[in-house]
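Tertiary structure, described
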Number of protein chains: 2
Amino acid sequence: MTTTERRLPVIEMFGPTLQGEGRVIGLKTMFVRLAGCDYACSWCDTKYAWAPDHLAKSEPLAPAAIVARLEAAAGGCRRVTLSGGNPALHDLGALVAQLKAHGWHTHMETQGSLVPPWLGDLDSATFSPKPPSSGMATDWTALAQGLARCREPDLKVVVFDDADYAYALEVHGRFPQVPLTLQLGNRVGEDTTATLLERLDALADRALSDPRLGDVRVLPQLHVLLWGNRRGV
Amino acid sequence: MTTTERRLPVIEMFGPTLQGEGRVIGLKTMFVRLAGCDYACSWCDTKYAWAPDHLAKSEPLAPAAIVARLEAAAGGCRRVTLSGGNPALHDLGALVAQLKAHGWHTHMETQGSLVPPWLGDLDSATFSPKPPSSGMATDWTALAQGLARCREPDLKVVVFDDADYAYALEVHGRFPQVPLTLQLGNRVGEDTTATLLERLDALADRALSDPRLGDVRVLPQLHVLLWGNRRGV
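Residues numbered from 1 in each chain as written. Chains lettered and ligands numbered in written order. Predicted model: local features only at pLDDT ≥ 70, side-chain atom pairs only at ≥ 80, totals over all residues. Heavy atoms only, no water.

**A closer look at the overall build of chain A**
In terms of helices and strands, chain A carries seven helices and nine strands. Relative to the compact-globule value of 17 Å for 233 residues, chain A shows a C-alpha radius of gyration of 17 Å, a close match. Counting only residues that meet the buried cut, chain A has 60% of its 233 residues in that class. In chain A, of all internal contacts separated by at least 6 residues, the share reaching a separation of at least 24 is 70%. (Helix = DSSP H or I, 4+ residues; strand = E, 2+ residues; numbered from the N terminus. Rg over C-alpha atoms; globule rule 2.2 N^0.38 Å. Buried < 20%, exposed > 50% of the residue type's maximum accessible area, 1.4 Å probe, protein only. Contact = heavy atoms within 4.5 Å.)

**Let's talk about the pattern of salt bridges**
Here the structure, examined in full by the defined rule, presents 28 salt bridges over all chains. With a shortest N-O distance of 2.6 Å, Glu12(B) and Arg33(B) are connected by a salt bridge. On the criterion of sequence distance, the pair formed by Glu12(B) in strand β1 (residues 8–18) and Arg33(B) in strand β2 (residues 28–34) is long-range, its members being 21 residues apart. Of the residues examined, Glu12(B) reaches a relative accessible area of 10% and is grouped as buried. Using a relative accessible area of 8% as the deciding quantity, one classes Arg33(B) as buried. Linked by salt bridges that have partners in common, Arg187(A), Glu190(A), Asp191(A) and Arg199(A) make up one network. (Salt bridge = Lys/Arg side-chain N within 4 Å of Asp/Glu carboxyl O.)

**Side note on the sheet that holds strand β3 (residues 59–61) of chain B**
The pairing of strands in a sheet happens through backbone hydrogen bonds and is either parallel or antiparallel. Residues and elements named next belong to chain B. Here nine strands make up an open sheet; going across it, the order is β3-β1-β2-β4-β5-β6-β7-β8-β9 and the pairing mixed. In this open sheet, the two edge strands, each paired with only one partner strand, are β3 and β9 (217–219). Each strand of the sheet is rotated relative to its neighbour by a mean of 30 degrees, with strand direction disregarded. Here five bridges tie strand β7 (residues 153–159) to strand β8 (residues 180–184), and the two strands are oriented parallel to one another. Bridged to Leu155 within β8 is Leu180. Contacting β7, β8 and β9, helix α6 (residues 193–208) crosses the sheet at an angle of about 145 degrees to β8. (Pairing = 2+ DSSP bridges. Axes fitted to C-alpha atoms, helices over the stretch in contact; angles between N-to-C directions.)

**As for the pairing of strand β5 (residues 105–110) of chain B**
Consecutive side chains along a regular strand alternate between the two faces of the sheet. Residues and elements named next belong to chain B. Of all six residues making up β5, five are buried, and the element is well covered by its neighbours. Alignment of strand β4 (residues 79–83) against β5, held across four bridges, turns out to be parallel. When the bridges of β5 are listed, Arg79 appears paired with His105. With helix α3 (residues 93–101) bridging β4 and the parallel β5, this β-α-β connection has right-handed handedness. Direction of pairing for β5 relative to strand β6 (residues 124–127): parallel, over a ladder of four bridges. When the bridges of β6 are listed, Glu109 appears paired with Thr126. (Right-handed = clockwise from strand over helix to strand, strands pointing away.)

**Re the packing of aromatic side chains**
Tallied over the full model, the rule gives six aromatic pairs over all chains. With a centroid separation of 5.2 Å and 35 degrees between ring planes, the pair formed by Trp43(A) and Phe160(A) is classed as tilted. Of this pair, Trp43(A) sits in the loop between β2 (28–34) and α1 (54–57) while Phe160(A) sits in the loop between β7 (153–159) and α5 (162–174), placing them 117 residues apart in sequence. Ring geometry for Trp140(B) versus Tyr167(B): centroids 5.7 Å apart, planes at 35 degrees, classification tilted. Residue Trp140(B) is located in helix α4 (residues 140–149), and its partner Tyr167(B) is located in helix α5 (residues 162–174); the two are separated by 27 residues in the primary sequence. Taken as a pair, Trp140(B) and Tyr167(B) share a single burial class, namely buried. One residue, Arg206(A), lies across the ring of Tyr165(A), its end atom 4.0 Å from the ring centre. (Phe/Tyr/Trp six-rings, centres within 6.5 Å; stacked < 30°, edge-to-face > 60°. Lys NZ or Arg CZ within 6 Å of the ring centre and 35° of its normal.)

**Thoughts on the relation of the copies chain A and chain B**
Of the two same-sequence chains, chain A is brought onto chain B (RMSD 0.0 Å, axial shift 0.0 Å) by a rotation of 180 degrees. The transformation relating the two chain copies, once decomposed into turn and shift, fits a two-fold axis. A share of 100% of interface residues in chain A that are also interface residues in chain B marks the association as one of identical surfaces. (Least-squares fit on C-alpha atoms with pLDDT ≥ 70 in both.)

**Comments concerning the nonpolar core**
One broad rule of soluble globular proteins: the nonpolar side chains tend to lie buried together. Within the largest apolar cluster, 120 residues are counted, with the highest numbers of intra-cluster contacts made by Leu82(A), Leu155(A), Leu182(A), Leu82(B), Leu155(B) and Leu182(B). When neighbours within four sequence positions are excluded, Leu155(B) is seen to be in contact with Phe127(B), Pro129(B), Leu143(B), Leu147(B), Val171(B), Phe175(B), Val178(B), Pro179(B), Leu180(B) and Thr181(B). (Core = buried A, V, L, I, M, F, W, Y, C linked by side-chain atoms within 4.5 Å.)

**Considerations on helix α6 (residues 193–208) of chain A**
Residue and element names in this part refer to chain A. The first and last C-alpha atoms of α6 sit 22 Å apart over 16 residues, in line with the 22 Å expected at 1.5 Å per residue. Of the residues making up α6, those classed as buried are Leu196, Leu197, Arg199, Leu200, Leu203, Ala204, Ala207 and Leu208. Projected onto a plane normal to the axis of α6, the buried residues spread over an arc of 165 degrees and lie on a single side. Seen from the open side of α6, the exposed residues pointing more than 90 degrees away from its buried face are Ala194 and Glu198. (Expected span 1.5 Å × (residues − 1). Arc of directions from axis to C-beta.)

**Observations concerning the side chain of Glu109(B)**
Residues and elements named next belong to chain B. Residue placement: Glu109 occurs in strand β5. The side chain of Glu109 is buried and forms no salt bridge, while Lys156, the nearest opposite charge, is found at 5.2 Å. Within polar-contact distance, the side chain of Glu109 engages the side chain of Ser83 at 2.8 Å. When near neighbours in sequence (up to four residues on either side) are disregarded, Glu109 contacts Gln19, Phe31, Thr81, Leu82, Ser83, Pro87 and Thr126. (Lys, Arg positive; Asp, Glu negative; His and termini not counted. Polar contact = N/O pair within 3.5 Å; in protein donor to acceptor, adjacent residues only side chain to side chain.)

**Some details on the confidence of the model for chain A**
The pLDDT averaged across chain A works out to 95; a share of 96% of its residues lies at or above 70. The ipTM assigned to the predicted complex is 0.93, against a pTM of 0.94. (pLDDT = per-residue confidence, 0-100.)

**Thoughts on the pairing of β6(B)**
Residue and element names in this part refer to chain B. What you see with β6 is no split at all: Ser124 and Thr126 on one side and Ala125 and Phe127 on the other are buried throughout. Direction of pairing for β6 relative to β7: parallel, over a ladder of three bridges. The residue of β7 that forms the bridge with Ala125 is Pro153. Once the chain exits β6 it traverses α4 before rejoining the sheet at β7, and the crossover so formed is right-handed.

**Topic: the interface of chain A and chain B**
Each partner contributes residues to the interface: chain A has 35 residues there, and chain B has 35 residues. Carbon and sulfur atoms make up 60% of the surface buried where chain A meets chain B, a total of about 2700 Å² over both sides. Our enumeration of links across chain A and chain B arrives at two salt bridges. A salt bridge links Asp215(A) to Arg79(B); its shortest N-O distance comes to 3.1 Å. (Buried area = accessible area lost by both parts, 1.4 Å probe.)

Now the structure itself:
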């Protein structure tokens, strides 16, 4: 079996939909969600991608089969987001190469804990290191290496509380040249549109009056405002 | 009087606040709103910038005075949005030069009906040609020239109805290489958060299933979701 035939565990593929987060917010994109994660964030909103039995629930697909399915559903869309879990767990080199050969713009979402050799082949990636409320610890060396190797990186920090906000400041202090988004934490099953917008207002106020965050974005998750916490949108 | 001393009619300056629209959505920025417009869009949400007596209501400020006020209020923010009305009506060459000398990232919002000589000095600009519902006609030649002259242009089309949507398709067809945002039209005094999100959902559905819009963003006005139609935010 050659590299290009190696199968990847796909949890779901969907789209075209809107990218809901970070610097690429609002963009029309296809999604490929891969199984497995090296993290287990307390508030993860896609636990089905890595919780027990995720491999049994995933479909093993060769890169060519993934590209074929994207092409069939794309309807003119040429942007694909590789997500997870942590998609950097897998050898996506062949998939990324085939996507590029078919004219796709490839974007990845990762926490930045791993630095795969194909990272520099992507068009862009959003690095979302996890703040204290997640219960995870950050590997700053891996994050720095990933950001340096990526062609067009941006950073996104989810903020639920004061400790998360302080963490976002640390991220910005360490990587001041990388575009940073503060993303309001979404309390699944608890937040409504009204409470999300109220809390976003408070987060915006804080960031806007904080001179340590000179250049920053503050954003909600667009898909949650539009569609709640439904899966596959 | 030298060029640098020429005064500009400032309607309002505010910030830091969040950029509410287009590709730069969510970014922390200062705003400078200049008086006057060559258009009179039916649904304009900043009529106070150009409606009768706007010049009487504005404050004539020299570029150096504008920069000084921005510096005093910036609190670490180095991004400024020049807006209106149509800021391209004025000779902003000296202002842009002084802003750049002070390390500001300069962004303009314009409908693209005018092509001032200093356009290429800006870091970026959002061109928002006005759709049929505005009651205005588009000067395609000026728009093409402006986009070509701008270092980092993006396009934004407000969509209220079917004719506006068709217009957005025409804009994308004419300038397929320029990033395009469809922005949901905001019915001031009528829309609520709920109706805005409902209508945004419908617009997203339409754009997502339309192969003529392969690469596009669909976005609401973030500031309206957060703060309603208040002025100076």
